[in-house]
Amino acid sequence: MSFIADLHIHSHYSRATSRQLNLEHLHQWGQLKGLRVIATGDFTHPGWLSELKEKLQPAEPGLYTLKKEFSSTTQREVARACEGDVRFILSAEISNIYKKGDKVRKVHNVLLSPSLETAQKIQDRLEQIGNIRSDGRPILGLDSRDLLEIVLEEDEEACLIPAHIWTPWFSALGSKSGFDSIEECYGDLSKHIFAVETGLSSDPPMNWRVSSLDKYTLVSNSDAHSPQKLAREANLFHCELSYPAMIEALKSGDPALFGGTIEFYPQEGKYHFDGHRKCGVRLSPVETKANNGICPVCGKKVTLGVTHRVDELADRDPGATHAKALPFTSLIPLSEVVAEVVGQGENTKRVIAKLDHLLVKLGPELDILMNIPLIDIERVGGLMTREAIERMRNSHVHIDAGYDGEYGIVKLFSKEERDKFLSSSFFVEE
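Being a predicted model, the structure only gives us computed values, none of them experimental. (Residues numbered from 1 in each chain as written. Predicted model: local features only at pLDDT ≥ 70, side-chain atom pairs only at ≥ 80, totals over all residues. Heavy atoms only, no water.)

Examining a positive patch on the surface
Definition in use: Patches here: salt-bridge-free residues with over 30% relative accessible area, like charges joined within 9 Å, nonpolar side chains (Val, Leu, Ile, Met, Phe, Trp, Tyr) joined within 5 Å. Each accessible area is a Shrake-Rupley estimate made with a 1.4 Å probe; only the visible protein chains count as cover when residues are assessed. In what follows, salt bridge is the name for a side-chain nitrogen of Lys or Arg lying within 4 Å of a carboxyl oxygen of Asp or Glu. Lys and Arg are tallied as positive, Asp and Glu as negative. Neither His nor the chain termini are counted. A single reference atom marks each charge: NZ on Lys, CZ on Arg, CG on Asp, CD on Glu. Where helices and strands are cited, they refer to DSSP runs of H or I of at least four residues and of E of at least two residues respectively, numbered from the N terminus.
Together, Lys-270, Arg-277, Lys-278 and Lys-300 line one region of the surface with positive charge. Following the sequence through the fold, Arg-277 ends up in the loop between β13 (274–276) and β14 (281–283).

What about the pairing of strand β8 (residues 159–162)?
Which entries qualify depends on this criterion: Throughout, exposure labels follow a simple rule: accessible area from a 1.4 Å probe, protein chains only, divided by the maximum for the residue type, with under 20% read as buried, over 50% as exposed, and the rest as partly exposed. Strand pairing is assigned whenever DSSP detects at least two bridges linking the two strands.
Residues Cys-159 and Ile-161 of β8 are buried on one face, and the alternating residues Leu-160 and Pro-162, pointing to the opposite face, are buried as well. With four bridges connecting them, strand β6 (residues 103–113) and β8 associate as antiparallel partners. Along β8, the bridge assignment pairs Leu-112 with Cys-159.

Some remarks on the packing of helix α14 (residues 374–381) against helix α15 (residues 383–393)
The cut-off we apply is this: The axes used here are C-alpha line fits, helices contributing only the stretch in contact, and every angle between their N-to-C directions lies in the interval 0 to 180 degrees. Handedness of a helix crossing follows the sense of rotation of the near helix relative to the far helix, less than a right angle counterclockwise being left-handed and clockwise being right-handed. Whether two residues are in contact is decided by their heavy atoms, any of which lying within 4.5 Å being enough. Amino acid classes used here: Ala, Val, Leu, Ile, Met, Phe, Trp, Tyr, Cys and Pro are nonpolar; Asp, Glu, Lys and Arg are charged; the rest, including Gly, are polar.
Packing of α14 against α15 brings their axes to within 7 Å, and their N-to-C directions diverge by 145°. Between α14 and α15 lies a crossing whose hand is right-handed. Together, Leu-374, Ile-375, Ile-377, Glu-378 and Gly-381 of α14 and Leu-383, Thr-385, Arg-386, Ile-389, Glu-390 and Arg-393 of α15 make up the contact between the two elements. The class makeup of the residues in the contact of α14 with α15 is five nonpolar, two polar and four charged.

Some details on helix α3 (residues 68–75)
Quick reminder of the rule: Think of the arc as the fan of directions from the helix axis to the C-beta atoms.
Those residues of α3 lying buried are Phe-70, Ser-71 and Thr-74. Buried residues along α3 cover an arc of 95° about the axis, so they all sit on one side. Exposed residues on α3 whose side chains face more than 90 degrees from its buried face are Lys-68 and Glu-69. The elements touched by buried residues of α3 are α1 (23–33), α2 (46–55) and β4 (64–66).

Section: the environment of Asp-376
Assignment of secondary structure puts Asp-376 in helix α14. Owing to a relative accessible area of 26%, Asp-376 belongs among the partly exposed residues under this scheme. Considered as a pair, Asp-376 and Arg-386 are 10 residues apart in the sequence and their alpha carbons are 8.5 Å apart.

Topic: the packing of aromatic side chains
Short version of the rule: Paired rings are identified among Phe, Tyr and Trp, the last through its six-membered ring, by centres lying within 6.5 Å, and are further divided according to the angle between planes into stacked (under 30 degrees), edge-to-face (over 60) and tilted (the rest).
Enumeration over the complete set of coordinates arrives at four aromatic pairs. With a centroid separation of 6.0 Å and an interplanar angle of 70°, the aromatic rings of Trp-208 and Phe-328 are classed as edge-to-face. With Trp-208 in helix α7 (residues 204–208) and Phe-328 in strand β15 (residues 328–331), the pair connects residues that are 120 residues apart, well separated along the chain. For Phe-328, a relative accessible area of 30% gives the class partly exposed. Ring geometry for Phe-237 and Phe-258: centres 5.1 Å apart, planes at 70°, overall edge-to-face. Of this pair, Phe-237 sits in strand β11 (residues 234–238) while Phe-258 sits in strand β12 (residues 258–264), and the two are 21 residues apart along the sequence. The buried category is assigned to Phe-237, whose relative accessible area is 0%. Looking at Phe-258, the relative accessible area reads 0%, which means it is buried. An aromatic cluster is defined as three or more aromatic residues linked by ring pairs; in this entry it consists of Phe-3, Phe-237 and Phe-258.

Geometric descriptors of this kind do not, in isolation, establish any biological role.
In C-alpha cells, the structure reads:
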C-alpha cells in the first residue's frame, strides 16, 4: 500500500509550540492534510508519555491509533471528503549539547520507538542523565554517539535519525557543528545510521552534491510546532502499514518501498541563505565570500546558511545526482497558496473560508496540491486557484530566500498578474 508519513513533530510540552498540539488535534489535522502516519513527538517527556499511554491503543505492529472517546472530540471538524484512518508512530527529539575535541557541539536527533514499553525504557535512561521534564525536546549534555548507544541498548528495533542535518546551530553537519561527516558525529556506531533528515532549508538535489550522503536515505518532516504545520514536509511509503515495514523501507532505500519525499521549497526555509537578521541583510554564498563573512551593515560575522555549508562539503557540481537518488515533490502549503490567491493573511476569515471550501469539496490538502485534476480545482476554487496550483506543480515560483532565522517569501504571482486575475471571478462561495 502507499501512504504518507510525517516522522518529526512536537507536542504541547515543547517550548514555543501550540497548545493544540495534542493527540485529538493531531488526529484531526492529519486527516485534513492527508497523512496516514504521524509522529507523536516528545515521548521522552513524562507528562506526554503518560498522555500517550492513556489515549492510544495498539493498531498494526509498532503503530497506534487514537481511542474513539478521544478522537470523537475533534472528528466533527473533519470534512467528510478528508476522513481517513490515522496512525501514530512514537518519536522524540533530543537536543544534544556537549563538548568533544575541545569544541562545543550542538546536535538535534530524532528517535523512533517500536513500542510504548521501549519509549518508557529510553525515557528512564535519559532521566538519569539530565532534565527531561522542563521541555518536550530536552537538552542533554550527552554525546550523540552515546545517545545512539542508549537507544540501541534498550531496543535494537529503535532507531536514531539525525535531525535537519544542515541547520547552522543545531545539527550534525551545520556550519556551527564542527563535524564534516555523519561518521565524525556518531563514531563507531555510525553504521546504525541509515537515514538523515534534510530539513526545511535543503532539498534532495542539494544533498546529492555530497557523495558521503549517498549511503543514507533522505527523509523530510514538518518539525511541526502547531497542528496546522503538519505535512509541510513528509515521506511517501509503498509498504505494509507497520513500524517494522517502514523502518525496513528506510533502511533499504528501495524506491519500490520508499517513494521519496514531499518538500518545502528550500529557499523558503529560514536558514537557506547567509545573513544577519538584525540588520536585514540577506547574502548568497558568493556575496558572503566577497564580504569575507562580515555583515556590511554592522561589521559582525553573518550566520552561514545551508547553501553555504553544502557548498563547503560538496564534491559534486549543482545539478548532479547519483544512482540511488529517490524522487521528490516540492510543494507550497495550501494555506499559503490560498492566502496569495485571496490577497490576505493566512489567518483571515476569507482565507480560512476558502481553504475550508476546498477541503470540503475536494478532499485532503496533499491530494489538492499533488493529485486533484486542475479542472476540478478550477471548478471549486476558481481560475486563479487553478493557476496558482499549476504554477506550484511546475515550480514556476519566485522566492526571496530565508536567512538567519527568517523564513523566505514565496510568490506565485507578480503584482501585475494578480491585478489581471482580480478582475475575474475566482472566489467561489459555498
